[in-house]
Amino acid sequence: MPSTTSAYFDRAYRRPLTLWGDIRIPPEIAALVRRGAPNGVLDLGCGVGRFSRYVAQQGLRVTGVDFSPVAIAKARARVAADEVRPDFLVGDVTNLDALSGPFDLSFDVGCFHCLDATQQGLYVSEISRLLAPGGTHLIWALDAAPAGIPLDAAAVESAFAPRFALRDARASRRRVLRSHWYWLVRSAE
């Protein structure tokens, strides 16, 4: 079964730990959140909601989306006692009709690289629709993506053009794997 199905991720999230589980907040997410976001933040492929929870604790409105109902149930349970909670939505990042923007910021830690080329195009359309002009979208992606599509700065820039400009790409050894952080800015209409 392909690793891009919600059933695959549901099985993974039923386990106590996943291979991609994060305990630490990446400094890139912390820096993004320090910018502030009066219109809110969108966390794509939020999993069990660790990063969404962090964003909410920083005083920003955040919506986390994941297509795994198991992950979203765990995310909601994790924040149930928190004073300020993210909104969590079971949804497909390639079709976010249930959401309306604009959001000021969005981020994705490990979702984009799981999408095939068609899905990536739909993802970009949805982010473009939801993110305010001038808004920033931050992605962490593996260089050797599970979807089999090589990802580098040129590929990311091409996938997001002309709706977004690639402002920065930085190599990372996050999770000990070759990867990059990509900062994209949505073009003005």
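Residues numbered from 1 in each chain as written. Predicted model: local features only at pLDDT ≥ 70, side-chain atom pairs only at ≥ 80, totals over all residues. Heavy atoms only, no water.

Q: Is there a simple way to think about the side chain of Ser52 in this case?
A: Locating Ser52 in the fold gives a position in helix H3 (residues 50-57). Ser52 sits in the buried class, given a relative accessible area of 0%. Side chain to side chain, Ser52 and Asp43 meet in a polar contact 2.7 Å long. Discounting chain neighbours no more than four positions away, the residues touching Ser52 are Asp43, Cys46, Val62, Gly64, Pro86 and Phe88. (Helix = DSSP H or I, 4+ residues; strand = E, 2+ residues; numbered from the N terminus. Buried < 20%, exposed > 50% of the residue type's maximum accessible area, 1.4 Å probe, protein only. Polar contact = N/O pair within 3.5 Å; in protein donor to acceptor, adjacent residues only side chain to side chain. Contact = heavy atoms within 4.5 Å.)

Q: What is the right way to read helix H5 (residues 117-130) from this model?
A: Given 3.6 residues per turn, any residue in an α-helix points the same way as the ones three and four places further on. Helix length check: H5, at 14 residues, gives a terminal C-alpha distance of 20 Å against a target of 20 Å (1.5 Å per residue), a fit within 8%. Residues of H5 that are buried make contact with strand S1 (41-44), strand S4 (103-109), strand S5 (131-142), helix H6 (153-160), strand S6 (164-172) and strand S7 (179-186). Put simply, Asp116 is the residue that caps the front of H5, since its side-chain oxygen is 3.1 Å from the backbone nitrogen of Thr118. (Expected span 1.5 Å × (residues − 1).)

Q: How should I be thinking about the side chain of Arg186 in this particular structure?
A: Turning to its location among the elements, Arg186 is positioned in strand S7. By relative accessible area, Arg186 is classed as buried at 7%. Apart from the residues lying within four places of it in its own chain, the contact partners of Arg186 are Ser128, Leu131, Ala132, Pro133, Gly134, Gly135, Arg163 and Phe164.

Q: What exactly am I supposed to notice about the sheet that holds S6 here?
A: Spatial ordering of the open sheet is given by S3-S2-S1-S4-S5-S7-S6, a layout of seven strands whose pairing is mixed. Every interior strand has two partners, whereas the edge strands, strand S3 (87-90) and S6, have only one. Within the sheet, the average angular offset between the axes of one strand and its neighbour, ignoring direction, is 15°. One ladder, built from seven bridges, connects S5 with S7; its direction is antiparallel. Among the inter-strand pairings, His137 is bridged to a residue of S7, identified as Leu184. Relative to the sheet, helix H2 (residues 27-34) contacts S4, S5 and S7, its axis offset from that of S4 by approximately 175°. Packed onto the sheet, helix H4 (residues 69-79) meets strand S2 (62-66) and S3 and runs at close to 165° relative to S3. (Pairing = 2+ DSSP bridges. Axes fitted to C-alpha atoms, helices over the stretch in contact; angles between N-to-C directions.)

Any functional reading would require information that these geometric values do not contain.
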